[in-house]
Amino acid sequence: MPLGALFARPMPLVSAKTFDSFEFESNSPYVLDLAGDWRFRWSGSQARAPEGFYDPAYDVSRWETVSVPSCSEALGWGARDLPCRSVSCYRRSFALPQAWAGRRTYLEMSGVCGDSTVWINGKELAPETNGVYDVTSAVEPQAMNEIAVRVVRGAGAGWSGLCGSVRLYAAPKIELRDFSVSVKPDADYLSAEVEVVAEVLKREDSVSVGGIRGIADFVAKVFDEKGLEVASTPIEQVRLSTGGALTTVRRKMTVDAPRFWSAERPCFYTVAVQVDHDLRARRTAFRDARQRDRAVLRAIRVSAADFAGGAAASAEELAACLGALKQANFNAVADGGDLPVRFAELCDRYGLYVVTNAVPDLMAYGKLGAAGTSSFEEAKQANSPLGVVCANAATGRAVLKNAHTAIAASEYLARWSLTQDGIEVAGGTFELPPIPAGQRGLLELPLPVQSNSDVAVSGECFYNISFVTRTAAPGVKAGHEVVHCQIPYAIGSAKAEEPVADDGAQVDIRTSADTKVLEVRAGPTRAEFDCEGRRFRSITVNGRTFRADGTNGWFFADGLKGLRVRPGDLRVEGNAVIVTDELLSEGPAGYDRTVRWSFAADGKVRIEVKLSPFGQLSGGPGALGFAWSPDDRAGLKFSYLGRGPWANRPEACAAAPVGRYAGAGTELEGMRSDVRRFAVVGKDGAGVEIGAATPFALEFSPAVRMRLSGPGAGLRAENWTVVLTPVGGTAGGHAEKDSSWWFF
C-alpha cells in the first residue's frame with residue numbers, strides 16, 4: 001500500500017536538504033506546530049460542558065493547563081475502561097509567521113480521539129478531508145489568533161482528546177496537496193520502478209513560476225539514506241485543471257541496484273516532489289516480496305494502555321518500546337488499534353513488521369518486563385534468529401541455524417568461554433561462517449581443552465557461546481548479545497560432596513538443665529532441637545543463626561492442604577541427631593519423615609531426609625523442600641552456583657545460564673533454578689555454604705527456601721542429602737573454607 005494512504009500528508013519544505021529524519025517536516029518554516037500548553041476543561045457529560053468557550057472573549061484563565069498531544073484519561077480525567085460521553089475543551093493562542101504572507105493556511109489535526117468541533121477566532125470550521133481545514137479566511141495574519149477545540153468521547157470505552165499532532169502549514173496558490181509512492185521491483189530485483197502519483201490544486205487567482213496561467217513546473221527525485229540523488233524525472237511543465245479541481249500527475253523513475261527493507265537491515269529512500277514553489281518529501285521503503293514470504297514472524301501485542309501517555313504516547317515512549325522489542329528479538333508487532341499514527345512509521349524505522357491484531361495467543365508488551373528480567377530474557381532466547389541446534393563441545397562441531405530473512409550469520413561475532421564451577425578459565429572470539437538467511441550450516445568451535453590433563457579439573461564445566469551484533473541498529477547497540485547457549489563440557493563433573501565424619505571426636509551433644517533443649521556443638525556450628533516438641537529449632541554457623549520457618553522444621557510442602565506435624569522420636573546416635581515424625585494432610589495422606597543430622601568436628605553438617613508417602617492425595621503436592629529464616633538479614637550476602645543472574649523457574653529457565661552470581665537478599669528476590677550450592681556470609685566474610693547431592697531451586701526472600709523436589713503429581717518417596725559447610729575464619733583449631741571462593 002502506498003505510504004500516502006497510511007500517514008499524514010507531507011508538509012511544505014524549503015529544500016530537499018531539510019528531510020534528514022523521519023520527522024523532517026518539523027524543520028520547515030512553513031509548518032507551525034501547536035504542540036505544547038493548552039488551556040483545558042473536562043466535563044463528565046455534554047450537559048456540563050462550557051457554552052461559548054470558543055469565543056475569544058470567553059475567559060479561560062482559570063482553566064487547567066495540559067500538554068497537547070495528550071489523552072484526557074491518561075491525565076486522570078475519566079476512566080478509559082468505563083463508557084462515558086465526556087467532553088474535553090481546549091483553547092490556545094497563536095500568531096502566523098510573516099513568511100506565510102501570500103500563502104494559503106491549513107490546519108491539520110491527526111489522531112483526534114472522539115468527535116471534534118474546531119473554531120478559529122470564534123468561527124466554526126468544516127474539514128476538507130482527513131482532519132485538514134482550510135483556515136485562510138478565518139485567521140488574522142497580523143494579529144493573535146484563538147483556536148478552540150471540543151472533543152466528545154465516543155459512546156463506548158476508550159481514549160479521548162487531542163491525542164495526535166495539531167499543526168498549521170502554509171501552501172502556495174499552486175499547491176501540491178498530496179502524493180503517494182509505489183515501488184515495483186523487476187523480476188530479478190536488480191532495479192525498482194518508483195511511481196509517484198501527485199495531486200495538484202490551482203487556485204483561480206494563481207499563476208505559475210513563468211507567469212503562464214494554468215501551467216506549472218513539475219519534478220520528482222529519489223534520494224538514498226546518505227542524501228545522494230539516485231533517480232529523477234525531467235523538469236517539465238504540466239497543465240493544471242481549473243475551477244478548483246485537482247490535477248493528477250503520474251510519473252515513473254527507475255532506481256538501479258536498490259537496497260530493500262528487511263527487519264534486520266531497515267533502509268529507506270526519500271522521494272521529493274516539487275510543483276512550482278511547493279516542495280514536499282516523504283520517506284519510503286523498497287520491499288522484497290521474497291523476504292516477506294519466508295519471514296518467520298515473532299510478534300508481540302502492543303496497545304496504547306502499555307504507555308503512560310495512552311493513545312498520545314510520546315515519541316520517546318514509543319522509541320523505548322520498539323528498542324526493547326528489537327533487543328528481545330521480536331520482529332513483528334500486533335497493533336492494538338489505538339496507537340498513534342507515527343507508531344507504524346516507527347516500526348518501519350526499527351525493522352518491525354506490523355501484523356493484524358487478530359493474531360491469537362500473542363504475548364502482551366506489558367508483560368515483557370525490562371532487560372535482565374526472566375520474562376524478557378526468556379522471550380529473547382525464544383525469539384532468537386540464531387541458534388545452535390546440535391552441538392558437541394568435545395568434538396568442537398555444531399550446527400548453526402540462521403532464521404534471518406536477509407542477512408548471513410557472518411554479520412555477527414561469536415564469543416566463547418569455558419567455565420569451571422561458574423568461573424571462566426578460558427575464552428575468546430571467533431568468526432561465524434557465512435550461512436545464508438533461512439539455512440543451517442556447520443559451526444566449528446574453538447577447543448581450548450582437549451583432555452582432562454590440559455586443565456586442573458575439580459568441578460562442573462560448560463562451554464558458553466554468545467552471538468553479538470557488530471554494528472549498531474535502531475534500538476540496538478553494537479556488541480548487543482542476541483542469544484547465548486550453554487553446552488555441558490565433559491572434562492569435569494559436578495562437585496562431589498565431601499563425607500562428614502561420624503567418629504564422635506570434638507562434637508559435643510548435650511541436653512539443657514531443664515531437659516527441654518538438645519544442643520549440638522561442633523567447631524563453629526551450634527544446633528538446637530526441641531526435646532518436648534521433638535523437632536529441629538535452629539542452627540548457628542559462624543555466628544549466623546537460621547531458624548525453622550514455621551512449625552514444620554526445615555520443611556515445606558506446597559499443595560499439602562492443612563499440613564500438620566505429628567511428632568515422633570528424637571534420639572542421638574553417635575555424632576548424629578535423628579528426628580522422626582509424620583507430615584499429615586487432608587485425606588488423610590502425607591509422609592513419614594526421617595531426618596538424620598550428622599555433625600563433624602570441623603562444623604560441617606550432613607542432613608539426610610527420607611520421605612515415605614502414605615494415603616491418597618488428589619492432585620499431589622507442589623514443591624517440597626527446606627525453608628528457614630535468618631535471624632538478621634542486614635549485611636548478609638548471598639551467592640550461588642546455578643542459573644541466573646535473573647530470576648527463573650525450573651519450567652522456564654533455558655535463557656538463564658549456569659554460573660556464579662551474588663548479591664544482597666533484596667537483589668536476588670525470586671526463584672533461581674538448577675542451583676548446585678549457595679553461600680550466606682556476613683560483612684566479616686564468615687558464614688555457611690549449603691549444597692545438595694542433586695541440583696535444586698532456591699528462593700532468597702522472604703525466607704530462604706530450597707526446593708528439592710517437585711512440583712509433581714501424587715505422593716512419592718523422596719531421599720535428599722544436604723551438606724552445610726562453614727566458610728571464612730577459623731574456629732576450634734580448624735581452618736575453615738575461604739569465603740572468597742564465592743564473593744568476587
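A brief look at the structure comes next. Keep in mind it's a predicted model, so treat the numbers as computed, not measured.

What follows deals with the overall build of the chain. Regarding its fold elements, the chain presents 4 helices and 50 strands. Per-residue burial for the chain yields a buried fraction of 50% across its 744 residues. Sequence separation of 24 or more characterises 68% of the internal contacts of the chain that already satisfy a separation of 6 or more. Counting every atom, the chain has about 32400 Å² of accessible surface; 49% of that belongs to carbon and sulfur.

When helix H4 (residues 374-383) is considered as a whole, its buried residues turn out to be Phe376, Glu377, Glu378, Ala379, Lys380 and Asn383. Residues of H4 that are buried make contact with helix H2 (315-327) and strand S31 (481-488).

Okay, unusual backbone geometry next. Put simply, Val68 and Pro69 share a cis peptide bond, and its omega is 5 degrees. Relative to the elements of secondary structure, Pro69 occurs in the loop between strand S4 (64-68) and strand S5 (87-94). Of note, the bond from Gly644 into Pro645 is cis; its omega dihedral lies within 30 degrees of zero at 0 degrees. Within the element layout of this structure, Pro645 appears in the loop between strand S43 (637-643) and strand S44 (658-663). For Asn121, which is not glycine, the phi dihedral falls at a positive 55 degrees. Mapping Asn121 onto the fold places it in the loop between strand S8 (115-120) and strand S9 (123-124). A relative accessible area of 26% means that Asn121 is categorised as partly exposed. Its identity as a non-glycine residue notwithstanding, Tyr189 has a phi of 60 degrees, on the positive side. Relative to the elements of secondary structure, Tyr189 occurs in the loop between strand S14 (174-185) and strand S15 (191-202).

Taken as a whole, this structure holds 33 salt bridges when the rule is applied. Between Arg259 and Glu225 there is a salt bridge whose closest N-O contact spans 3.3 Å. Of the two residues, Arg259 sits in the loop between strand S19 (246-256) and strand S20 (269-275) while Glu225 sits in the loop between strand S16 (215-223) and strand S17 (229-232), which places them 34 residues apart along the sequence. The exposure class assigned to Arg259 is partly exposed, which follows from its relative accessible area of 46%. What makes Glu225 partly exposed here is its relative accessible area of 47%. Arg280 is paired through a salt bridge with Asp278; the nearest N and O atoms lie 3.0 Å apart.

What follows deals with the environment of Lys326. Structurally, Lys326 is set in helix H2. Since its relative accessible area comes to 16%, Lys326 is described here as buried. When the C-alpha positions of Lys326 and Gly351 are compared, they lie 8.1 Å apart, and in sequence the two are 25 residues distant. With residues up to four places along the chain from it excluded, the contact list for Lys326 reads Ala263, Tyr350, Gly351, Leu352, Pro474 and Val476.

Turning to the nonpolar core, a few remarks are in order. By size, the foremost hydrophobic cluster in this structure holds 46 residues, and its most contacted members are Phe529, Trp597, Phe599 and Phe678. When residues of this core are assigned to their parent elements, the largest contribution, 5 residues, is made by strand S46 (residues 687-699). Those residues in contact with Phe529 that sit more than four places away from it in its chain are Lys516, Val517, Leu518, Val520, Arg535, Phe536, Arg537, Leu570, Val577, Val579, Trp597 and Phe599. Counting 28 residues, the second-largest nonpolar core is a separate cluster that includes Cys71, Cys347, Tyr350 and Ala379.

Contact geometry of H2 with helix H3 (residues 341-350) gives a least axis separation of 10 Å together with a crossing angle of 40 degrees. Taken together, the axis directions place H2 and H3 in an arrangement best described as oblique. Remark: the crossing between H2 and H3 carries right-handed chirality. Taken together, the residues of H3 that come into contact with H2 (itself represented by Ala315, Leu318, Ala319, Leu322, Gly323 and Lys326) are Arg342, Phe343, Leu346, Cys347 and Tyr350. Residue composition of the contact of H2 with H3, grouped by class: 8 nonpolar, 1 polar and 2 charged.

Here the focus is H3. Considered for burial, the residues of H3 that qualify are Phe343, Leu346, Cys347, Asp348 and Tyr350. Where H3 is buried, its residues contact strand S22 (299-302), H2, strand S23 (332-335) and strand S24 (353-355). Of the residues flanking the end of H3, it is Gly351, one or two places downstream, whose phi is positive at about 85 degrees.

Counting across every chain of the model gives 21 aromatic pairs. With centroids separated by 6.2 Å and ring planes inclined at 90 degrees, the aromatic side chains of Trp38 and Tyr90 adopt a geometry described as edge-to-face. Here Trp38, found in strand S3 (residues 36-43), pairs with Tyr90, found in strand S5; they are 52 residues apart in sequence, far enough to count as distant. Each member of the pair Trp38 and Tyr90 is classed as buried. Aromatic pair Tyr640 and Tyr661: ring centres 5.5 Å apart, planes at 45 degrees, arrangement tilted. In this pair, Tyr640 is assigned in strand S43 and Tyr661 in strand S44, connecting sequence segments 21 residues apart. Across the pair, exposure class does not vary: Tyr640 and Tyr661 are buried alike. Here the basic side chain of Arg251 rests over the ring of Phe218, its NZ or CZ set 5.9 Å away from the ring centre. Here Arg282 stacks its cationic end above the ring of Phe179, 5.4 Å away from the centre of that ring.

Quick look at the side chain of Glu73 now. Locating Glu73 in the fold gives a position in the loop between S4 and S5. A polar side-chain atom of Glu73 sits 3.2 Å from a polar atom in the side chain of Arg153. The residues contacting Glu73, other than those within four sequence positions of it, are Gly78, Ala79, Arg80, Arg153, Gly158, Trp159 and Ser160.

Another point: the sheet that holds strand S29 (residues 439-444). Strand order in the open sheet formed by 3 strands is S25-S26-S29, with antiparallel pairing between adjacent strands. Looking along the sheet, the strands with just one partner apiece sit at the ends: strand S25 (386-392) and S29. Put simply, the sheet's adjacent strands are angled 25 degrees from each other on average, direction ignored. Bridge count between S25 and strand S26 (residues 397-402): 6 bridges; the pairing is antiparallel. Within S26, the residue paired with Asn392 across the bridge is Arg397.

Turning to the side chain of Asp288, a few remarks are in order. With respect to the secondary-structure elements, Asp288 resides in the loop between strand S21 (278-284) and helix H1 (289-294). For Asp288, a relative accessible area of 7% corresponds to the buried category. There is a polar contact of 2.9 Å between the side chain of Asp288 and the side chain of Arg290. Dropping the residues within four chain positions of it, Asp288 is found in contact with Tyr189 and Phe260.

Before going further, it helps to examine the sheet that holds strand S6 (residues 104-109). Strand order across the open sheet formed by 4 strands is S2-S13-S6-S10, with antiparallel pairing between neighbours. Unpaired on one side and paired on the other, strand S2 (31-33) and strand S10 (132-134) mark the two borders of the sheet. Going from strand to strand, the sheet's axes swing by 20 degrees on average, the running direction of each strand aside. Sheet topology places S6 next to strand S13 (residues 166-171); 6 bridges connect them, and they run antiparallel. Bridging across to S13, Met109 finds its partner in Val166.

Rules used throughout
Residues numbered from 1 in each chain as written. Predicted model: local features only at pLDDT ≥ 70, side-chain atom pairs only at ≥ 80, totals over all residues. Heavy atoms only, no water. Helix = DSSP H or I, 4+ residues; strand = E, 2+ residues; numbered from the N terminus. Buried < 20%, exposed > 50% of the residue type's maximum accessible area, 1.4 Å probe, protein only. Contact = heavy atoms within 4.5 Å. Areas by Shrake-Rupley, 256 points an atom, 1.4 Å probe, with all protein chains shown as cover. Salt bridge = Lys/Arg side-chain N within 4 Å of Asp/Glu carboxyl O. Core = buried A, V, L, I, M, F, W, Y, C linked by side-chain atoms within 4.5 Å. Axes fitted to C-alpha atoms, helices over the stretch in contact; angles between N-to-C directions. Parallel < 35°, antiparallel > 145°, perpendicular 65-115°, else oblique. Left-handed = near helix turned anticlockwise from the far one by under 90°. Nonpolar A, V, L, I, M, F, W, Y, C, P; charged D, E, K, R; others polar. Phe/Tyr/Trp six-rings, centres within 6.5 Å; stacked < 30°, edge-to-face > 60°. Lys NZ or Arg CZ within 6 Å of the ring centre and 35° of its normal. Polar contact = N/O pair within 3.5 Å; in protein donor to acceptor, adjacent residues only side chain to side chain. Pairing = 2+ DSSP bridges.

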